[in-house]
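Fold and contact review
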Amino acid sequence: PPTSRLRLGGMIFTTTRVRFPSGSDVLVGDLHQPQGQDATSATTIVIVTGSWTTVKEQQADFYARRLAAAGLTTLVFDFRGFGQSEGNPRCWENPARKVEDIHAAVSFAVSQGYTRIGALGICASAGYQAVNTADDHRVCSLALVAPWLHNRELVAPYYGGEAGVSDRIDMSRAAATRYAETGEVSYIPAISTTDESAAMFGPFDYYLDPQRGDIPEWDKQIAVMSWEPWLTFNPIDSASKITVPVHMVHSRDGAVPDGAQLFFDALPGPKHIDWLPGTQLDFYDQPAQVDPAVAAVVEHFRHTL
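Residues numbered from 1 in each chain as written. Predicted model: local features only at pLDDT ≥ 70, side-chain atom pairs only at ≥ 80, totals over all residues. Heavy atoms only, no water.

Looking now at the packing of helix H1 (residues 59-69) against helix H10 (residues 287-304). Relative to each other, H1 and H10 sit at 55°, their axes nearing to 10 Å. One way to sum up the angle between H1 and H10 is to call them oblique. When the axes of H1 and H10 are compared, the crossing they make is right-handed. Of H10, the residues touching H1 (which contributes Phe-62, Tyr-63, Arg-66 and Leu-67) are Val-290, Ala-293, Val-294, Val-297, Val-298 and Phe-301. Along the lines of polarity and charge, the residues of the contact of H1 with H10 split into 9 nonpolar, no polar and 1 charged. (Axes fitted to C-alpha atoms, helices over the stretch in contact; angles between N-to-C directions. Helix = DSSP H or I, 4+ residues; strand = E, 2+ residues; numbered from the N terminus. Parallel < 35°, antiparallel > 145°, perpendicular 65-115°, else oblique. Left-handed = near helix turned anticlockwise from the far one by under 90°. Contact = heavy atoms within 4.5 Å. Nonpolar A, V, L, I, M, F, W, Y, C, P; charged D, E, K, R; others polar.)

This is how it looks when you write it as structure tokens:
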């Protein structure tokens, strides 16, 4: 497979394009392997995932490369239906399907000889990583940065209250029925400052700036039938089943901080949480938030993997 040699922060690491199955589809990812005396054990790897609707080149790779520069081998990949990976329907934000893809990524890592596996979830995928970790005992350590962790009660205020949630679920069911009957997928913009139907409506700068998250690889849309699986997803319930060490980094001004606290309180194993200043999108790529988050996550994995 094609391999490139990169340098970041004084550390040289190689990036190798990889492919592995999830269900009947093939996922496409990048494996970052640090070189030199500061590299950690060849049996250790961290699987890194980013926010909803995104592709591997956004938050996931931003963090994965920095972990590689600190000596940790990392794997990023596109979920089914996103980016370069196979899978239909496209841009379907289905938490259960994404959890299956993370499980498949762990299986790929094991097949490559990695036995000490860490998981890092950023924003929405924090919940996906948490649910997989609760049931996948091959994962030895978990870290969550700016985790979006909700239940039905906590998610409602973000979508116009219970009425807004119910309306979106109705739209989701209608779109799913249409797809089942015709194969046609209804889409809305992932982000817009003018279209109120968008999944993210407002001036969310990260997704609007070509120098940040508005990259060519990102489709900038989401299937309408994503609403029901997303809004009914409850990763907080998985916390009580997670016994591996967990480190969380979040902000009281970030997304669903009460959900992060509920999740943290329910964890029965070793755990730590850092509350830092900053907004949700700051943790995607801004040095004031990313640098301490990466430092905390690296330290966590070095001591638990």
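Our next topic: the environment of Ile-236. In this structure, Ile-236 sits in the loop between helix H7 (227-231) and strand E12 (246-250). The exposure class assigned to Ile-236 is buried, which follows from its relative accessible area of 10%. Ile-236 sits 89 residues away from Pro-147 along the chain, and the two C-alpha atoms are 11 Å apart. (Buried < 20%, exposed > 50% of the residue type's maximum accessible area, 1.4 Å probe, protein only.)

With that settled, the discussion passes to the layout of surface pockets. Volume-wise, the largest pocket comes out at about 520 Å³. Lining the largest pocket are 26 residues, and of these Trp-148, Tyr-158, Met-200, Phe-204 and Leu-281 lie nearest its centre. Going through the elements one at a time, strand E10 (200-201), helix H6 (205-208), H7 and helix H9 (282-285) are the ones with two or more residues in the lining of the largest pocket. Partitioned by chemical class, the residues of the lining of the largest pocket number 18 nonpolar, 3 polar and 5 charged. (1 Å grid on protein atoms, 1.4 Å probe; cavity = no way out; pocket = protein on both sides within 12 Å on 5 of 7 lines; lining within 4 Å. Points joined across faces, edges and corners; volume = space filled by probe spheres on them.)

Judged by nonpolar contacts, the single largest core of 97 residues is most densely connected at Tyr-63, Leu-120, Val-145 and Met-248. The contacts of Tyr-63, once residues within four sequence positions are left out, are Val-48, Leu-120, Ile-122, Val-145, Phe-283, Tyr-284, Val-290, Ala-293 and Val-294. (Core = buried A, V, L, I, M, F, W, Y, C linked by side-chain atoms within 4.5 Å.)

Moving on, we get to the pairing of strand E3 (residues 25-34). The buried count for E3 comes to 8 of 10 residues, which makes it a mostly enclosed element. As defined by bridge partners, strand E2 (residues 11-22) adjoins E3 across 10 bridges and the pair is classed as antiparallel. For Arg-17, the partnering residue across the bridge sits in E3 and is Asp-30. In sequence, E2 turns back onto E3 through a hairpin of 2 residues, with Gly-23 there showing a positive phi of about 60°. Sheet analysis places E3 next to strand E5 (residues 74-77), joined by 4 bridges and oriented antiparallel. Looking at the pairing, Gly-29 lines up with Phe-77 of E5. (Pairing = 2+ DSSP bridges.)

Glancing now at unusual backbone geometry. Pro-89 follows Asn-88 through a cis peptide bond whose omega is -5°. Within the element layout of this structure, Pro-89 appears in the loop between E5 and helix H2 (95-111). Of note, the phi angle at Cys-91 is positive, near 55°, even though the residue is not glycine. In this structure, Cys-91 sits in the loop between E5 and H2. In this structure Cys-91 comes out as buried when scored by relative accessible area, which is 1%. Positive phi outside glycine occurs at Lys-220, with the angle close to 60°. With respect to the secondary-structure elements, Lys-220 resides in the loop between H6 and strand E11 (221-223).

A separate point is empty space enclosed by the protein. The final tally for this structure, using the stated rule, is 1 cavity of 30 Å³ or more. The computed volume of the largest cavity comes to approximately 60 Å³. Around the largest cavity sit Val-48, Thr-49, Gly-50, Ser-51, Thr-54, Val-55, Lys-56, Ala-60, Phe-77, Asp-78 and Phe-79, which together line it. Here the lining of the largest cavity is composed, by residue class, of 5 nonpolar, 4 polar and 2 charged.

Spatial relationships are all this shows, so hold off on functional conclusions.
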